[in-house]
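Structure at a glance
Each chain, letter by letter, is given below.
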Amino acid sequence: MVEAILHGVILAIGLILPLGAQNVFVFNQGALQPKLVRALPVVVTAGVCDTILIVAAVSGVSLLILTFHWLEMIMFAVGILFLLYIGISLWRSTPSSVEVEAERFSPKKQILFAASVSLLNPHAIIDTIGVIGSNALSYSGEARFAFTLTTIIISWCWFFGLALAGRMLGKMDTSGKFIGMLNKISAFVVWGVALYMAIRLLGKFL
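Residues numbered from 1 in each chain as written. Predicted model: local features only at pLDDT ≥ 70, side-chain atom pairs only at ≥ 80, totals over all residues. Heavy atoms only, no water.

1. Quick look at the overall build of the protein chain
Check the secondary structure of the protein chain and you find ten helices and zero strands. N-terminal to C-terminal, the α/β element order of the protein chain is α-α-α-α-α-α-α-α-α-α. Residue burial in the protein chain is summarised as follows: out of 206 residues, 47% are buried. Counting only contacts in the protein chain whose residues sit at least 6 apart along the sequence, the fraction spanning at least 24 positions is 85%. (Helix = DSSP H or I, 4+ residues; strand = E, 2+ residues; numbered from the N terminus. Buried < 20%, exposed > 50% of the residue type's maximum accessible area, 1.4 Å probe, protein only. Contact = heavy atoms within 4.5 Å.)

What follows is the structure, given as structure tokens:
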């Protein structure tokens, strides 16, 4: 049981630490929102989406879904479009007014964006299946449950931590200049993920 928990911790941290569109968006909203509670929609959505992916990976459901080639292609295409839109929104943000920008990212928009970068990223889904799904096969019964629950808890803690770190940065950066620069960097990261996915999609046709 202890081995399964430690295994889950290491794998979860290894998967979520790399700077990706999901992490960037959660941190960004933590920095932009006037209060931490206003960033809860993006935190909860990211946590729920990761929970769904982890459970699907452990149960083998996600692997079954990705066996349909046409569905994977649609996921790539829609995911690329969403990431391009998110990048444009981040790039156009105005660092001079954090409150105005916070209003732009309403709870509904936060949920939509967080869900899109979480569930419409085939690369992240494949990583989840390949890493968490395959490693979960090493356990059964209570050990597998502990492994799965641990990865889920680490994921939720990480997103709350990202939003909190963003909020602390938002408080320190009263001028909004650093957040403006962060938005530009975030846009490039998101576009980079979209470009990578586009290359992967084209590779499937060649």
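From this point, things continue past the structure.
2. Describing helix H2 (residues 21–32)
With twelve residues, H2 extends 16 Å between its outermost C-alpha atoms, agreeing within 8% with the 16 Å of an ideal straight helix rising 1.5 Å per residue. The buried fraction of H2 is high, at twelve of twelve residues. Residues of H2 that are buried: Ala 21, Gln 22, Asn 23, Val 24, Phe 25, Val 26, Phe 27, Asn 28, Gln 29, Gly 30, Ala 31 and Leu 32. (Expected span 1.5 Å × (residues − 1).)

3. A word on the packing of H2 against helix H9 (residues 142–172)
Here H2 crosses H9 at 45°, and the two axes come no closer than 6 Å. The pairing of H2 with H9 is recorded here as oblique in orientation. H9 is crossed by H2, and the crossing has right-handed handedness. Of the residues in H9, those touching H2 at Gln 22, Asn 23, Val 26, Phe 27, Gly 30 and Ala 31 are Trp 158, Phe 159, Leu 162, Ala 163, Ala 165, Gly 166, Arg 167, Leu 169 and Gly 170. Residue composition of the contact of H2 with H9, by class: nine nonpolar, five polar and one charged. (Axes fitted to C-alpha atoms, helices over the stretch in contact; angles between N-to-C directions. Parallel < 35°, antiparallel > 145°, perpendicular 65-115°, else oblique. Left-handed = near helix turned anticlockwise from the far one by under 90°. Nonpolar A, V, L, I, M, F, W, Y, C, P; charged D, E, K, R; others polar.)

4. As for the packing of aromatic side chains
Counting across every chain of the model gives two aromatic pairs. Centre to centre, the rings of Phe 188 and Trp 191 are 5.9 Å apart; their planes meet at 90°, and the pair counts as edge-to-face. Here Phe 188 pairs with Trp 191, and both are found in helix H10 (residues 177–205), just three residues apart, close to one helical turn. Look at Phe 188 and you get exposed, because its relative accessible area is 52%. (Phe/Tyr/Trp six-rings, centres within 6.5 Å; stacked < 30°, edge-to-face > 60°.)

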